[in-house]
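Architecture and fold: a report
Single-letter residue listing:
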Amino acid sequence: MSQTSQDLSFPVQPSSSATSERRTWLIACGAVGGVAAAATAVPLLTSMAPAEKARSAGAPVEVDIGDIPPGGLKTVEWRGKPVWIVRRTPEMLASLEKIETQLADPKSDRTAFPTPTYAKNRHRSIKPEFLVTVGICTHLGCSPVSKFDTGNQPGLGADWQGGYFCPCHGSNFDHAGRVFANKPAPDNLEIPRYMYLSDARIVVGKDEKGEA
Amino acid sequence: MASENNVTTTGLLGWIDTRFPLTKLYKEHLSEYYAPKNFNFFYFFGSLAMVVLALQIITGIFLTMHYKPDASLNAAGVPVAFASVEYIMREVPFGWLIRYMHSTGASAFFVVVYLHMWRGLIYGSYRSPRELIWIFGCAIFLCLMAEAFFGYLLPWGQMSYWGAQVIVNLFSAVPLIGPDLSVWIRGDFVVGDATLNRFFAFHVIAIPLVLVGLVAAHIIALHEVGSNNPDGVEIKKNKNADGIPLDGIPFHPYYSVHDILGIAGFLILFCAVVFFAPELGGYFLEFNNFIPADPLVTPPHIAPVWYFTPFYSMLRAVTDLFTWVMVASAGLGALAVLRARWPMIIKGGAIAALLVLAITFRVFDAKFWGVVIMGGAVVILFFLPWLDHSPVKSIRYRPNWHKALYMVFLVNFFILGYLGVLPPFPFGQAYSLVGTVFYFAFFALMPIWSRIGDFKPVPERVTFKPH
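In this text the structure is predicted, and so the values were computed from the model without any measurement.

**Focus: the overall build of chain A**
Scanning chain A from terminus to terminus reveals 4 helices and 11 strands. Its C-alpha atoms give chain A a radius of gyration of 30 Å, clearly above 17 Å, the size a compact globule of 212 residues would have. With the principal axes as the frame, chain A shows a C-alpha extent of 105 × 40 × 25 Å. Each of the 212 residues in chain A was classed as buried or not, and the buried ones make up 28%. Restricting the contact set of chain A to residue pairs at least 6 apart, pairs at least 24 apart contribute 55%.

Structure follows, in structure tokens:
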């Protein structure tokens, strides 16, 4: 296209002020169109949030605890997570005081997984004998394993008083689900809301103040 | 008005060429794409990566014909997704072969891509003018990691479930938005059916689309600037009268035939694994993944598949102690800036930024910094073209101590990978810390060390002995 004659397929060239006005409108249209395009991302991204069905799932779970032997652990599923109900022996409860200096948060003061007020005590439960806790490590969500035998064990040290050990990244917890200091997990195991329906029956996910 | 194109072909080809640049593309990318004649063994892995990509896409299509992304339990009490994989293995004609090709292909992809990256690293293939090839390549590597991670959940075994649980929970470590972010990723409060369905969507369509686009960009960029070679010599500097590089040979037929040899060798090894050791001792398919996902019990030892383990080791290395190492590094960086000959404003800004960073290293949880370190280990690769200041491209003409340093880097990466397979133990933890620091120092200090030493003279032409 080296010819100098005007290209007649295009209308008469606009003046420079008209060109700049057109440019302004082009930019404005582009910006508005861009905002509209970006806005379509909102419903798409929001669709990935939990559906109402997932939100409403998680009804409280009733558990019969009368059949747990002393030193026994029962696992029930609540909101897709394991909840442990442990019937602790007097020896297990006695260990809680001995190791208290080695813990990261002995009084359960951290708020990432708030401990209900009725469990804000050394044994972290309503009745000292029964521990009710979510069996999910507060580090990256593995389920710890119970290590109730005391004494020297690999990864737990020579002075192990019994408790729980997370196989994924090596956090350990005492018999009240309290995390030891200098471990990957920052928080104690979560204590869900729960209450006694009778001496042998509890409900997890609900207490006198309402559902969790 | 469309300009007339010069079509010299006739007949059907001529008809096509006036409508679609078929001959032009064929010439540009195959018969008249001149590649250096001195390629060595390491130059097989680019084309092999393409072969594996095709293999994964084709086997993947056939797997989706039978697989069901459904976490609910069937009448026998087994998750439907898990049962559908077992169905593919036991009932679908040749289903076992297609599935083993796909699972072995995943590991093969990483073997080939790691070797391809190592080639680029030692021969300086990321240096100007090939920065964009390298950046597209790093993006491909990221996509590949995402693809592998999403795909690993689909069999819905114990390792699938708990691996996804751990990795998604990493995002909960992000300050402020973390917990909501991890719920949004899962689509539920726990890893469940919603998670499985979206991971399936990402694995079979979203990521592969991006991946194929990036591969196209990678190759277009490569063919624009031309391939590097083991000598790091630009062959376009020496051309004959027709403008053809003296050290170049047409990709087709020379390298197309050459690459078929590489593919044959690869397929021998690949088939040996597929037919005789598809689990490869638990490295390609972890034994715990033959147990259906159980949200109530974590397997006694969980580890990612081998190709993620170097980065997993780095994640585990970041404890409270490591954040102090990071504070010290920021401090050293500030000291270095203090001595640099920059304008006062930039200097002050840089030092202030580093000190603020040093404080945040201690303010946020080590868990969060672990995620940052793991991600940073990949992200730092993107900057390689601007970190390397050595006067020569190829390792062949670098000082001997550079060669030693690259070997240490390689061995360190292997050790980190091996430690990532094992459960945590004190020596391993200590080594991971040192190894992680070395990995980052290798790149962060490259602008300094890559200039130092006695470099050998780079020849005018590539070194090549005809045989």
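**Quick notes on the overall build of chain B**
Counting secondary structure elements, chain B contains 18 helices and 2 strands. A principal-axis box enclosing the C-alpha atoms of chain B has dimensions of 75 × 65 × 50 Å. In chain B, which comprises 467 residues, the proportion classed as buried is 37%. Considering only contacts in chain B between residues 6 or more positions apart, those separated by 24 or more positions represent 76%.

**Things to note about the sheet that holds strand E2 (residues 73-78) of chain A**
All names here are of chain A. The strand order across the open sheet built from 3 strands is E2-E3-E4, with neighbouring strands paired in antiparallel fashion. Since the sheet does not close on itself, it has two edges, and those belong to E2 and strand E4 (130-134), each with one partner. Pairwise comparison of adjacent strand axes, ignoring direction, gives a mean angle of 20° for this sheet. Pairing geometry for E2 and strand E3 (residues 81-87), over 6 bridges, is antiparallel. From the neighbouring strand, Leu73 faces E3, where its bridge partner is Val86.

**Comments concerning the interface of chain B and chain A**
Contacts between the two partners involve 27 residues from chain B, matched on the other side by 22 residues from chain A. Where the side of chain B that touches chain A is concerned, the elements lending two or more residues are helix H7 (158-171), helix H8 (178-186) and helix H9 (193-225) of chain B. Looking at which element gives the most residues to the side of chain B that touches chain A, the answer is H7 of chain B, with 5 residues. When grouped by side-chain class, the residues that make up the side of chain B that touches chain A number 14 nonpolar, 7 polar and 6 charged.

**A word on the packing of helix H3 (residues 45-64) of chain B against helix H5 (residues 95-123) of chain B**
Residue and element names in this part refer to chain B. The interhelical angle for the contact between H3 and H5, taken along N-to-C directions, is 155°, at an axis separation of 9 Å. The angle between the axes of H3 and H5 places the two elements in the roughly antiparallel class. Relative to H5, H3 is oriented so that their crossing is left-handed. Residues Phe45, Gly46, Leu48, Ala49, Val52, Leu55, Gln56, Thr59, Gly60, Phe62 and Leu63 of H3 pack against Ile98, Arg99, Met101, His102, Gly105, Ala108, Phe109, Val112, Val113, Leu115, His116 and Arg119 of H5.

**What to know about the pairing of E3 of chain A**
Consecutive side chains of a regular strand alternate in pointing toward one face of the sheet and then the other. Residue and element names in this part refer to chain A. Hairpin connection from E2 to E3: 2 residues lie between these consecutive antiparallel strands, with Arg79 at a positive phi of about 55°. Strand direction decides the pairing type here: E3 and E4, joined by 5 bridges, are antiparallel. Residue pairing in the sheet places Arg87 in a bridge with Phe130 of E4.

**Quick notes on the sheet that holds strand E9 (residues 201-204) of chain A**
All names here are of chain A. With antiparallel pairing, the 3 strands of this open sheet are ordered in space as E1-E9-E8. Strands with a single pairing partner mark the edges of an open sheet, and in this sheet they are strand E1 (61-64) and strand E8 (194-198). Neighbour to neighbour, the strand axes of the sheet diverge by 30° on average, direction disregarded.

**What about unusual backbone geometry?**
If a residue is not glycine, its phi is most likely negative; likewise, a peptide bond is most likely trans. Put simply, Ser128 of chain B and Pro129 of chain B share a cis peptide bond, and its omega is 5°. For Pro129 of chain B, the location among the structural elements is in the loop between H5 and helix H6 (131-153). With an omega of 10°, the peptide bond between His252 of chain B and Pro253 of chain B qualifies as cis. Checked against the element boundaries, Pro253 of chain B lands in helix H10 (residues 251-276). Phi at Ser108 of chain A is positive, roughly 55°, even though this residue is not glycine. Structurally, the position occupied by Ser108 of chain A is in the loop between helix H4 (90-98) and E4. What makes Ser108 of chain A buried here is the crowd of 23 C-beta atoms within 10 Å. A positive phi angle is found at Leu280 of chain B, which is not glycine, with a value near 45°. Looking at the secondary structure, you find Leu280 of chain B in the loop between H10 and helix H11 (309-317).

**Here we look at the environment of Ser84 of chain B**
Residue and element names in this part refer to chain B. In this structure, Ser84 sits in helix H4 (residues 80-90). Between the alpha carbons of Ser84 and Phe270 there is a distance of 25 Å; along the sequence they are 186 residues apart. Ignoring anything within four residues of it in the chain, the contact list for Ser84 reads His66, Tyr67 and Lys68.

**A short note on H4 of chain B**
Residue and element names in this part refer to chain B. Taken together, the buried positions of H4 are occupied by Ala81, Phe82, Ser84, Val85 and Ile88. Relative to the axis of H4, the buried residues are bounded by an arc of 160° and lie together on one face. The inward-facing, buried residues of H4 abut H3, H5 and H9.

**Some thoughts on the packing of helix H12 (residues 320-339) of chain B against helix H13 (residues 344-363) of chain B**
All names here are of chain B. Between H12 and H13, whose axes approach to 9 Å, the crossing angle comes to 175°. Relative to H13, H12 is oriented roughly antiparallel. Mapping the contact onto sequence places Thr323, Met326, Val327, Ala330, Gly331, Gly333, Ala334, Val337 and Leu338 in H12 and Lys347, Ala350, Ile351, Leu354, Leu355, Leu357, Ala358, Phe361 and Arg362 in H13. Grouping the constituent residues of the contact of H12 with H13 by class yields 13 nonpolar, 3 polar and 2 charged.

**Thoughts on the confidence of the model for chain A**
For chain A, per-residue confidence averages 87 on the pLDDT scale, and 93% of positions sit at 70 or higher. Looking over chain A, one finds the lowest element-wise mean pLDDT in strand E11 (residues 210-211) of chain A, namely 76, and the highest in E4 of chain A, namely 95.

**What to know about the environment of Arg362 of chain B**
Residues and elements named next belong to chain B. Summarising the element assignment, Arg362 is placed in helix H13. A residue is classified by how many C-beta atoms lie within 10 Å of it, and Arg362, with 13 of them, is partly exposed. Each C-alpha atom, one on Arg362 and one on Trp324, is 7.6 Å from the other, the two residues being 38 residues apart in sequence. Apart from residues no more than four positions distant in its own chain, Arg362 is found in contact with Thr323 and Val327.

**Describing the environment of Phe440 of chain B**
Mapped onto the fold, Phe440 of chain B is located in helix H17 (residues 426-444). Taking C-alpha positions, Phe440 of chain B is 17 Å from Met117 of chain B, a pair spaced 323 residues apart along the chain.

**Observations concerning the confidence of the model for chain B**
For chain B, the average pLDDT comes to 93, and 99% of its residues sit at 70 or higher. What the predictor reports for the complex is a pTM of 0.90 with an ipTM of 0.81.

Criteria and thresholds
Residues numbered from 1 in each chain as written. Chains lettered and ligands numbered in written order. Predicted model: local features only at pLDDT ≥ 70, side-chain atom pairs only at ≥ 80, totals over all residues. Helix = DSSP H or I, 4+ residues; strand = E, 2+ residues; numbered from the N terminus. Rg over C-alpha atoms; globule rule 2.2 N^0.38 Å. Buried ≥ 20, exposed ≤ 12 C-beta atoms within 10 Å, placed from the backbone. Contact = placed C-beta atoms within 7 Å. Pairing = 2+ DSSP bridges. Axes fitted to C-alpha atoms, helices over the stretch in contact; angles between N-to-C directions. Nonpolar A, V, L, I, M, F, W, Y, C, P; charged D, E, K, R; others polar. Parallel < 35°, antiparallel > 145°, perpendicular 65-115°, else oblique. Left-handed = near helix turned anticlockwise from the far one by under 90°. Arc of directions from axis to C-beta. pLDDT = per-residue confidence, 0-100.

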